[in-house]
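# Reading the structure
Read off the chains here:
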Amino acid sequence: MYRTHTCGELRIQNKANKVTLAGWVQRIRELGAMTFIDLRDRYGITQLVVDEKSADDVKKITSELGREFVIRVEGEVKERSSKNTRIDTGDIEIAVENITVLNKSDLPPFTIEDNSDGGDDLRMKYRYLDLRRNPLKQALALRHKMAQEVRKYLDSQNFLEIETPYLIKSTPEGARDFVVPSRVNAGEFYALPQSPQTFKQILMVAGYDRYFQIVRCFRDEDLRADRQPEFTQIDCEMSFVEQKDILSMFEGLARHLFKNVLNVELDNVPQMLYADAMKYYGCDKPDIRFDMKISEITELVKNSGFSVFDNAEYTGAICAKNCGAYTRRQIDELTEWVKRPQIGASGLIYIKLGEDGIKSSIDKFFTTEQLQKIADKTEAQNGDLILILCGKKTKTQSMLGSLRLELGNRLGLRAVNKFAPLWIVDFPLFEWDDETQRFYAMHHPFTSPKPEDVNKFYSNKNEDIGSVNANAYDFVVNGVELGGGSIRIFDRKLQQRMFEILGFTPEAAESQFGFLMNAFKYGAPPHGGIAFGFDRFCAMFGGSDSIRDYIAFPKNNSGRDVMIDSPSPIDNVQLEELSLKVDIKKK
Ligand code: ASP
């Protein structure tokens, strides 16, 4: 027998028990004739003791142990003379009577402690060692718990978990597809799904009115920090529902997860119009853990002889409470921050409401009364600091949004254990792209227009089309988009019009999405759904910005799995079998 107990299990009540444990040697300490070994497994750490009373062969084997050796020990549970309150097994230790080395280990390339000394790439290369560390174990256990609770809730609501295929068909919308060559159909390719979108809609046509799946999705996007080419969604779809039904069902899921995983009671989740999110927070995923809304002051500051404002399409301000005493240096620092290329402002204007009156960087152009008007507009009071940016409207709003978040960080207003969820609703259906001179679907081409906007949807004027709102919604928590979905088009004609607006010829629409349009001929019910980013949901619950630790085997920032060294070239025989050209030059 390898073990009677795990390394996290024994307590003072087990005193005098004879036990067998197996695990990894975390640490060895020698104190005179005594040797202490921390034995670790998934469940915890138990201290082993070998001393002069131990048998000779036990002493000999102990003297040859190294870090990460896998051993089995038999011994007796004893009460420790000096207890360790930091671990659950800290009251006891095992007096070793027998020890077997089950496997030796090379010296690991980094320490397997809560705070490891290994760099990112090294830890990714030896992921199995990194995964032995507590923070990763906790992250994966949290992920497991989340998945179980998702299933529990959705099952209780009559959802069926149904798998959809991974080898599907490439479509041009959205991100790039990962493609898989077909050997038996020479010259043809499967694509890996960016999401099960069309399949879940077809399941609705098939009558499976509540579907979900915790499913891997693949997107060949340009690499950005903390983006994974494969990631997991909680993908859901329902029939015979309107937007409000979806919002309440999945608010229920969020509430269930917060309660059962974090023991946090969620208040009612507020709804915010997309237009308001942009106006007051400068982004479509506002962090509403703190207020500090953006105020537009364009008209207040126009025609004052200050050319920067006079020439600006938009001027906006935010009020940082109790920052009126900011020093020159602190303001310079913020100015440098907004001037960084990531933000791209050309300067930052301030108004301080201090003890000694109003002071600003635009005193030359504005009277105290005028400055006071700006203060009133931003609801600033004595002791506050107003920060102002101007320029093109959308760009400036977004810069103010970033500055707002940065101030939130600096002022400690974004605590990780506080959660402020909300729904963003009424997204525009389309985004216009200047470069390609065409409309793109803001969500995806299956999202329906608001019923009241259907006329504009059929208009041939771009400005009408551009102003159509969508039956779409995002679930946002603490400035992070955790989920998004929409009520779908289920009418063939409407779907055809959608493809037309997106620039598909009828033939192209037929060849890409004919299967869906065909299905719509056979009694498609009204339906809608949502998908949550599961990795991100887990990371948020774990209090982390990064999803990587919540995925057992993630890719690095260059999209590589450095443990298995992938992607990698394949040999010519394999290429030929797949009917692929063999003259790819090696890099
Ligand atoms: N399939 C969509 C996405 O991946 C989500 C949805 O509309 O349900 O964003």
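Basis of the calculations
- Residues numbered from 1 in each chain as written.
- Predicted model: local features only at pLDDT ≥ 70, side-chain atom pairs only at ≥ 80, totals over all residues.
- Heavy atoms only, no water.
- Salt bridge = Lys/Arg side-chain N within 4 Å of Asp/Glu carboxyl O.
- Pairing = 2+ DSSP bridges.
- Helix = DSSP H or I, 4+ residues; strand = E, 2+ residues; numbered from the N terminus.
- Contact = heavy atoms within 4.5 Å.
- Axes fitted to C-alpha atoms, helices over the stretch in contact; angles between N-to-C directions.
- Phe/Tyr/Trp six-rings, centres within 6.5 Å; stacked < 30°, edge-to-face > 60°.
- Buried < 20%, exposed > 50% of the residue type's maximum accessible area, 1.4 Å probe, protein only.
- Parallel < 35°, antiparallel > 145°, perpendicular 65-115°, else oblique.
- Left-handed = near helix turned anticlockwise from the far one by under 90°.

Moving on to the pattern of salt bridges. Using the criterion set out here, one finds 46 salt bridges in the structure. The salt bridge involving D130 is made with R123; its shortest N-O contact spans 3.2 Å. Taken together, the salt bridges that share partners define one network made up of D120, R123, R127, D130, R133 and R548.

Let's shift gears to the sheet that holds strand β6 (residues 160–161). Strands sit in the order β6-β9-β10-β22-β21-β20-β17-β11 across an open sheet of 8 strands; the sheet is mixed. In this open sheet, the two edge strands, each paired with only one partner strand, are β6 and β11 (271–273). The pairing of strand β9 (residues 210–218) with strand β10 (residues 230–239) spans 9 bridges and is antiparallel. Each bridged residue has a counterpart across the sheet, and for Q213 the counterpart in β10 is D235. Each of β6, β9 and β10 is contacted by helix α4 (residues 134–156), which is oriented at about 150 degrees to β9, the strand it contacts most. Set on the sheet, helix α7 (residues 274–281) makes contact with β11 and β17 (421–425); between it and β11 the angle comes to about 80 degrees.

Think of a pair of aromatic rings as described by two things: how far the centres are apart, and how the planes are tilted against each other in angle. Enumeration over the complete set of coordinates arrives at 25 aromatic pairs. Ring centres of F250 and F532 lie 6.0 Å apart, and the angle between their planes is 50 degrees; this geometry places the pair in the tilted category. Taken together, the positions of F250 in helix α6 (residues 243–262) and F532 in strand β22 (residues 527–533) put the pair 282 residues apart, joining distant regions of the chain. Seen in terms of ring centroids, F306 and F309 are 4.9 Å apart; in terms of plane orientation they differ by 85 degrees. Their pairing is edge-to-face. Classification of F309 as buried rests on a relative accessible area of 0%. Among the aromatic side chains, those forming a connected cluster through ring pairs are F159, F250, F258, F419, W423, Y473, F475, F532, F537 and F541.

Along the chain, R176 turns up in the loop between β6 and β7 (179–181). The class for R176 is exposed, based on a relative accessible area of 55%. As for R176 and S63, which are separated by 113 residues in sequence, their C-alpha atoms are 57 Å apart. Among all residues touching R176, those that are not within four sequence positions of it are Q194, R219, D220 and D222.

Moving on: the packing of helix α10 (residues 328–339) against helix α12 (residues 393–410). Following both chains from N to C, one finds α10 and α12 inclined at 135 degrees, their axes separated by 11 Å at the closest point. Classified by the angle their axes make, α10 and α12 are oblique. Judged by the twist between their axes, the crossing of α10 over α12 is right-handed. For the pair formed by α10 and α12, the contact residues are E333, L334, W337 and V338 on the first element and S402, L403, E406, L407 and R410 on the second.

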